[in-house]
Amino acid sequence: MDKREELVRLWFDMWLKKKNLGIERVFSQDAVYIESWGPAYQGADKIQLWFEEWNGRGTVLAWDIRQFFHKGDQTVVEWYFKNAMDGGKPEAFDGISLIKWTQSGQICFLKEFGCNLGRYDPYQAGPVPQFREETALWF
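For every chain, the first residue of the written sequence is number 1, and numbering continues from 1 along that sequence. Selection of residues for local features in this predicted model requires a pLDDT of at least 70, selection of side-chain atom pairs for listing and counting requires 80 or more, and totals for whole chains, interfaces and linings are taken over all residues. Just so you know, side-chain values use all the structure's heavy atoms and leave hydrogens and water out.

S.K.: Run through the overall build of the protein, naming residues and quoting values.
M.R.: Helix and strand definitions follow DSSP, with helices as H or I runs of at least four residues and strands as E runs of at least two, each counted in order from the N terminus. Check the secondary structure of the protein and you find three helices and six strands. Tracing the protein from N to C terminus, the helices and strands come up as α-α-β-β-α-β-β-β-β. For the exposure calls, accessible area comes from a 1.4 Å probe over protein chains only, and a residue counts as buried if that area is under 20% of its type's maximum, exposed if over 50%, partly exposed in between. Put simply, the protein has 139 residues, and 36% of those count as buried. Partitioning the contacts of the protein with sequence separation of at least 6, the portion at a separation of at least 24 is 44%. A contact between two residues is defined here by any heavy atoms of the two lying within 4.5 Å.

If you want it as structure tokens, here you go:
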């Protein structure tokens, strides 16, 4: 489990440092990576292309791991993420990554799920829900 957690931490650290510190060690050649808002990347080469391109136009400000769960060949990571695109305002959300591992210890599948930070109780004023008039975030 320690090796798995170490590779996840390395992946997050790459984003924080805007530097490829070993994508080929973290992901199998045929890995699939699905972002919380829809884009999917097939293969380590495509994951590396996305990483390099994205870091040319944005910055990850925080990617904090809250906890890990392991079962068999799978890991779930709960985290907090904050970024800013060039010329844009910072965005932040909570998330979870569902990860599947190869027998050799690389990530072969990763799917992200996001959760808005702007939470509220729509039933605070009574039994009829009062929802905010706002556009939902992209995930």
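S.K.: Pulling in residues and values, what's your account of the pairing of strand 1 (residues 27-34)?
M.R.: Of the pairings in the sheet, the one linking strand 1 to strand 6 (residues 107-115) comprises four bridges and is parallel in character. Counted as the bridge partner of Phe27 is Ile107 from strand 6. As paired elements, strand 1 and strand 2 (residues 40-42) share three bridges and run antiparallel to each other. Paired with Ile34 across the strands is Ala40, a residue of strand 2. By this definition, two strands are paired if DSSP reports at least two bridges between them. Here strand 1 folds back onto strand 2 in antiparallel fashion, the turn holding five residues, of which Gly38 has a positive phi close to 130 degrees.

S.K.: Let's hear about the side chain of Arg4: which residues, and what values?
M.R.: With respect to the helices, strands and loops of the structure, Arg4 is situated in helix 1 (residues 2-17). Notably, Arg4 is buried but unbridged: the nearest opposite-charge side chain belongs to Asp73, and the N-O separation is 6.5 Å. Here a polar contact is taken to be a pair of N or O atoms separated by no more than 3.5 Å, where protein atoms must pair a possible hydrogen donor with a possible acceptor and residues adjacent in sequence count only if both atoms sit in side chains. Among the polar contacts listed, one links the side chain of Arg4 to the backbone oxygen of Gly72, at a separation of 2.8 Å. Not counting chain neighbours up to four residues away, the residues in contact with Arg4 comprise His70, Gly72, Asp73, Gln74, Thr75 and Trp101. Residues counted as positive are Lys and Arg, residues counted as negative are Asp and Glu, and His and the chain ends are not counted. By convention in these notes, a salt bridge is any Lys or Arg side-chain nitrogen within 4 Å of a carboxyl oxygen on Asp or Glu.

S.K.: Outline the nonpolar core, supporting the account with residue identities and numerical values.
M.R.: Within the largest apolar cluster, 29 residues are counted, with the highest numbers of intra-cluster contacts made by Trp11, Phe27, Tyr33, Ile47 and Trp63. At the level of secondary structure, the elements contributing two or more residues to this core comprise helix 1, helix 2 (23-26), strand 1, helix 3 (44-55), strand 3 (58-71), strand 4 (74-85), strand 5 (91-101) and strand 6. Element by element, the count of residues in this core is highest for helix 1, at seven residues. Ignoring anything within four residues of it in the chain, the contact list for Trp11 reads Ile23, Val26, Phe27, Tyr33, Ile47, Trp50, Phe51 and Trp63. We define the nonpolar core as a collection of buried residues of types Ala, Val, Leu, Ile, Met, Phe, Trp, Tyr and Cys that are connected through side-chain atoms lying within 4.5 Å of one another.

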